[in-house]
Amino acid sequence: MAPPRTSAVLWGLLTGSRGADRVCLRPRARPRPDALPRRLPGPCGTGLPCRRLASEAESGSPEIKKPTFMDEEVQSILIKMTGLNLQKIFKPAIQELKPPTYKLMTQTQLEEATRQAIEAAKVRLKMPPVLEERAPINDVLAEDKILEGTETAKYVFTDISYSIPHRERFIVVREPSGTLRKASWEERDRMIQVYFPKEGRRILTPIIFKEENLQNMYNQDRHVDVLNLCVAQFEPDSAEYIKFHRQTYEDIDKHGKYDLLRSTRHFGGMVWYFVNKKTIDGLLIDQIQRDLADDAVSLVQLYHLLHPDGQSAQEAKEQAAEGLHLIKVFAKTEAQKGAYIELTLQTYQEAFISRSAAS
């Protein structure tokens, strides 16, 4: 008689009291022909999507819509600043040694191979999304005190139907106290990884994300490896994903190692973070020193695009500033290191004049 008892216990854990039946297994009403379609609630328990673009939450007034990360104009500026260094994008990877392959090509074939390499590089440079942190799930479905003490461990019930998107998948947890609740985001991520494994992702967070290990990675200039692993391990709107990205960007800004992310898919996200935080001074100086004046101008243009009410944007509009003059306006108004930026810009202009005279 052991099997029937076990089945009855598990059924009791899932259904609980009759009140729980009414919550979890409530029959769906038949739709009326004249009824308008309604948005079904997601795992957060509301009819709204669980994640939004980060800049949407910061938009302030509904009349003035703030540009988002995926806007065409923003993406165009970020892609331009990212660069397209094929040597860096296709750098040798650690893998099993194999005999090299040599090909003899005509000039036409070489140009076609180069074009294909550029197209493949653009695919590799596709930026990960930048999203607002998802709202926590704290929905309690039922409190069944009659089940309290029946079991000592939690039971997780997961809908593993293939046709359901993971965001809409129904996952609930029965606590030893008898509480039946919706699973938290961390529990959802683990269970989805158990039933639908994603390549490169582990059920438990890799130890590389411990503070001491992260610092060792940063000391070895392996910021790109940290970000790549972060993209593979976490959802883009999870607290961990956002935390480790910001921590990596801050370390890069602190030590001026911006070039590590140039010509990678993470450069645009770093620029977006600095512009939203209004800390573009270090990156701006680095771009001028590396003879990337066009990128420096694009950076200030993006800054004005996101902060149109700022003093720099207003004065640039009044003066119809363009090119390097745009950088000077920013240095005199909102820059935290205005004098340093002006000095760096002056040095760049003098070097440019000297090169032009020599040629």
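A short tour of the structure in this document, coming up. (Residues numbered from 1 in each chain as written. Predicted model: local features only at pLDDT ≥ 70, side-chain atom pairs only at ≥ 80, totals over all residues. Heavy atoms only, no water.)

Quick notes on the overall build of the chain
(1) Moving on: Tallying secondary structure elements over the chain gives 16 helices and 4 strands in all.
(2) Moving on: Within the chain, the fraction of its 359 residues that count as buried is 38%.
(3) Moving on: For the chain, long-range pairs separated by at least 24 residues make up 66% of all intrachain contacts whose partners lie at least 6 apart in sequence.
(4) Moving on: When the accessible area of the chain is evaluated, it comes to approximately 22800 Å², of which 55% is carbon and sulfur surface. (Helix = DSSP H or I, 4+ residues; strand = E, 2+ residues; numbered from the N terminus. Buried < 20%, exposed > 50% of the residue type's maximum accessible area, 1.4 Å probe, protein only. Contact = heavy atoms within 4.5 Å. Areas by Shrake-Rupley, 256 points an atom, 1.4 Å probe, with all protein chains shown as cover.)

Quick word on the packing of helix H12 (residues 281-289) against helix H16 (residues 338-358)
(1) Moving on: Look at H12 against H16: their axes get within 9 Å of each other, and the N-to-C directions meet at 10°. What the angle tells us is that H12 and H16 run roughly parallel. Contacts from Asp-281, Leu-284, Ile-285, Ile-288 and Gln-289 in H12 reach Tyr-340, Ile-341, Thr-344, Leu-345 and Tyr-348 in H16.
(2) Moving on: In terms of residue class, the contact of H12 with H16 is made up of 7 nonpolar, 2 polar and 1 charged. (Axes fitted to C-alpha atoms, helices over the stretch in contact; angles between N-to-C directions. Parallel < 35°, antiparallel > 145°, perpendicular 65-115°, else oblique. Nonpolar A, V, L, I, M, F, W, Y, C, P; charged D, E, K, R; others polar.)

Section: the sheet that holds strand E1 (residues 140-143)
(1) Moving on: Strand order in this open sheet of 4 strands is E1-E4-E3-E2, and the pairing throughout is antiparallel. Strand pairing shows two members of the sheet lacking a second neighbour, E1 and strand E2 (155-158), which therefore form its edges. Between one strand axis and the next, the sheet turns by 15° as a mean value, whatever way the strands run.
(2) Moving on: Across 3 bridges, the pairing between strand E3 (residues 171-174) and strand E4 (residues 179-182) is antiparallel. Its bridge partner being in E4, Arg-174 is matched across the sheet by Leu-180.
(3) Moving on: Packing of helix H7 (residues 185-195) onto the sheet brings it into contact with E2, E3 and E4, and relative to E3 it is tilted by some 110°. (Pairing = 2+ DSSP bridges.)

A look at the nonpolar core
(1) Moving on: Membership of the largest hydrophobic core comes to 42 residues, with the highest contact counts inside it found for Val-271, Leu-284, Leu-302 and Ile-327.
(2) Moving on: Among the elements of the structure, helix H4 (72-82), helix H10 (239-255), helix H11 (267-277), H12, helix H13 (293-306), helix H15 (324-333) and H16 are those that each provide at least two residues to this core.
(3) Moving on: Looking at which element gives the most residues to this core, the answer is H13, with 8 residues.
(4) Moving on: Residues within four places of Leu-284 in sequence aside, it is in contact with Ala-296, Leu-299, Val-300, Ile-327, Phe-330 and Ile-341. (Core = buried A, V, L, I, M, F, W, Y, C linked by side-chain atoms within 4.5 Å.)

With respect to a nonpolar patch on the surface
(1) Moving on: On the surface, Ile-160, Val-194, Tyr-195, Ile-203 and Leu-204 cluster together into a nonpolar patch covering about 470 Å² of accessible area.
(2) Moving on: For Leu-204, a relative accessible area of 62% puts it in the exposed group. (Patch = residues over 30% accessible without salt bridge, like charges linked within 9 Å, V, L, I, M, F, W, Y side chains within 5 Å. Salt bridge = Lys/Arg side-chain N within 4 Å of Asp/Glu carboxyl O.)

A look at the pattern of salt bridges
(1) Moving on: Under the definition given, this model contains 20 salt bridges.
(2) Moving on: Close ionic contact of Lys-154 with Glu-175 constitutes a salt bridge, the shortest N to O distance being 3.9 Å. Of this pair, Lys-154 sits in the loop between E1 and E2 while Glu-175 sits in the loop between E3 and E4, placing them 21 residues apart in sequence.
(3) Moving on: On the basis of relative accessible area, Glu-175 is assigned to the buried category, the value being 17%.

Some thoughts on unusual backbone geometry
Trans is the common state for peptide bonds, and a negative phi is the common state for residues other than glycine.
(1) Moving on: One non-glycine residue, Asp-291, lies in positive phi territory at about 65°.
(2) Moving on: With a relative accessible area of 43%, Asp-291 lands in the partly exposed category.
(3) Moving on: The backbone of Ala-320 shows a phi angle near 55°, a positive value even though the residue is not glycine.
(4) Moving on: The exposure class of Ala-320 is exposed, given its relative accessible area of 58%.

As far as function goes, none of this settles anything; it's purely spatial.
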